[in-house]
Structure formats: structure tokens, C-alpha cells
Amino acid sequence: MSLLSAKRNGLTNLPQNGIVIWIFGLSGSGKTTISTLLKEKLEEEGFYTVSLDGDILREGINKHLGFSEADRTENIRRAAEIAKLMLKNNLITICSFITPLEENRLLAAEIIGEGYFEVFLDCPLSICKERDVKGLYKNAGLNLIKNFTGISAKFEPAVKADLVIKTYTENPDQSMDRVFSQIISKISSHS
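Residues numbered from 1 in each chain as written. Predicted model: local features only at pLDDT ≥ 70, side-chain atom pairs only at ≥ 80, totals over all residues. Heavy atoms only, no water.

Engineer: Go over the sheet that holds strand β4 (residues 116-122), please, and point to the residues and values.
Structural biologist: With respect to topology, five strands assemble into an open sheet ordered β2-β3-β1-β4-β5, the strand pairing being parallel. Two strands bound the open sheet, and with one partner strand each, they are β2 (49-53) and β5 (163-166). In this sheet, adjacent strand axes meet at a mean angle of 20° when their direction is disregarded. Inspection of the sheet shows strand β1 (residues 19-24) paired to β4 by five bridges, in the parallel sense. Looking at the pairing, valine 20 lines up with tyrosine 116 of β4. Against the sheet, helix α4 (residues 69-88) engages β1, β2 and β3 (92-96), with an angle of about 150° to β1. Packed on one face of the sheet, helix α5 (residues 102-112) meets β1 and β4 and runs near 155° to β4. (Pairing = 2+ DSSP bridges. Helix = DSSP H or I, 4+ residues; strand = E, 2+ residues; numbered from the N terminus. Axes fitted to C-alpha atoms, helices over the stretch in contact; angles between N-to-C directions. Contact = heavy atoms within 4.5 Å.)

Engineer: Residues and numbers for unusual backbone geometry, please.
Structural biologist: Phi is positive for asparagine 90, which is not a glycine, with a value near 70°. In this fold, asparagine 90 is placed in the loop between α4 and β3. Look at threonine 99: it is not a glycine, yet its phi comes out positive at around 45°. Position of threonine 99 among the secondary structure elements: in the loop between β3 and α5. The class of threonine 99 is buried, set by a relative accessible area of 1%. (Buried < 20%, exposed > 50% of the residue type's maximum accessible area, 1.4 Å probe, protein only.)

Engineer: Before we move on, can you summarise the side chain of serine 27 with the specific residues and values?
Structural biologist: Position of serine 27 among the secondary structure elements: in the loop between β1 and α2 (31-44). You can call serine 27 buried: its relative accessible area is 13%.

Engineer: So what about the packing of α4 against α5? Which residues, and what values?
Structural biologist: Geometrically, a packed helix pair is captured by the angle between its two axes and the distance between the axes. Running from amino to carboxyl end, α4 crosses α5 at an angle of 25°, the nearest separation of the two axes being 9 Å. As the angle between them shows, α4 and α5 are arranged roughly parallel. In terms of crossing hand, the pair formed by α4 and α5 is right-handed. Residue-level contacts link Thr73, Ile76, Arg77, Ala80, Glu81, Ala83, Lys84 and Leu87 of α4 to Asn104, Leu107, Ala108, Ile111 and Ile112 of α5. Taken together, the residues of the contact of α4 with α5 sort by class into eight nonpolar, two polar and three charged. (Parallel < 35°, antiparallel > 145°, perpendicular 65-115°, else oblique. Left-handed = near helix turned anticlockwise from the far one by under 90°. Nonpolar A, V, L, I, M, F, W, Y, C, P; charged D, E, K, R; others polar.)

Have a look at this one:
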């Protein structure tokens, strides 16, 4: 089915099963990199995907939200509601958000419901600090960023993620392949 045909008939007719892949971890753990690689792989395989990235949503729909616990919860709630809409339209939605608290992950799972697949990128804070591509840890250490996850705001590791990936022991392609191999049977419409 062509995308034009899918649009004419409604996205629910896409030749795939929708899913929300919620990738979370500390800043620098590899969320955006792995999400981008996964999206590329899925599209190469003929799947229709959408990416929701925490940094991008904070530039638009969530730009007025800060980093208090209440604002972080609202950020996740909005992202989960958007992902739920995508899921209802049979799209594969890759979400990459720090999602520091278990209660926020439970909220996302509750909103999205069946079709929620949680991936924890387990990477030690020391390695995330070394990676510090955006200079965020440096600025947080200088008190230029308040409520920074892992420094002045808490981060709770996964309690019941569907998949845990230690991104400090493998390269991004290997990590992406692990996610892909876990979801392929769930998204293939002929399974």
C-alpha cells in the first residue's frame, strides 16, 4: 500500500502494527542517536514511523515548561498523549525522553496503554558526563543549569523496562539492533 493510499483510506490501514517505543535514560546515554538509527532502519524496512524527542518538543509545544517535577510530569504527559494518538493511527512512534522518575514512566504507560514498549538506556553518569556533547553537565556543575537530571535532580533507574541496554558496552548500531530485534515481531502486520 502506498502512503497516498494509506492517507486516503486512513492511517489505520497501514500494513504494520503500531507501537510506542519509549526510550529513556540520562542526558548523554544515547537516546537521540539510537532513536534516529532505529527510525532509519524501520523506514528502510518499509515501516511508517514518527519520532518524538524531548529536546524538540521543548522547542515547541512544551517550550514554556521548566524543569520542576511538576513541569517534567506535564512534559511527559503531553508526549504520551501525542504518542497515544499516533498509536491509534497505527504508526510506530519512537519517543526519546529522559523520563527521570518511575512515576512518570508509569504515567506514560498508563496513558498509552497496550502498545507501550519501554527501553532503558543504562549508562553510568560518569560516562554521560564524558560524552557531554551539549556541555550540559559542565554547565550544571557550574550551577548554570538548575534541576539538571543526575546532578541536582534525581534520576531513578528502570524498575520494569521491557528492554535494558547498557550503552557503554556496545556501539549505537548494536544498541539499535537490539531494540529492532525486540519489536519486529510486534510491528509486522503478518505476525
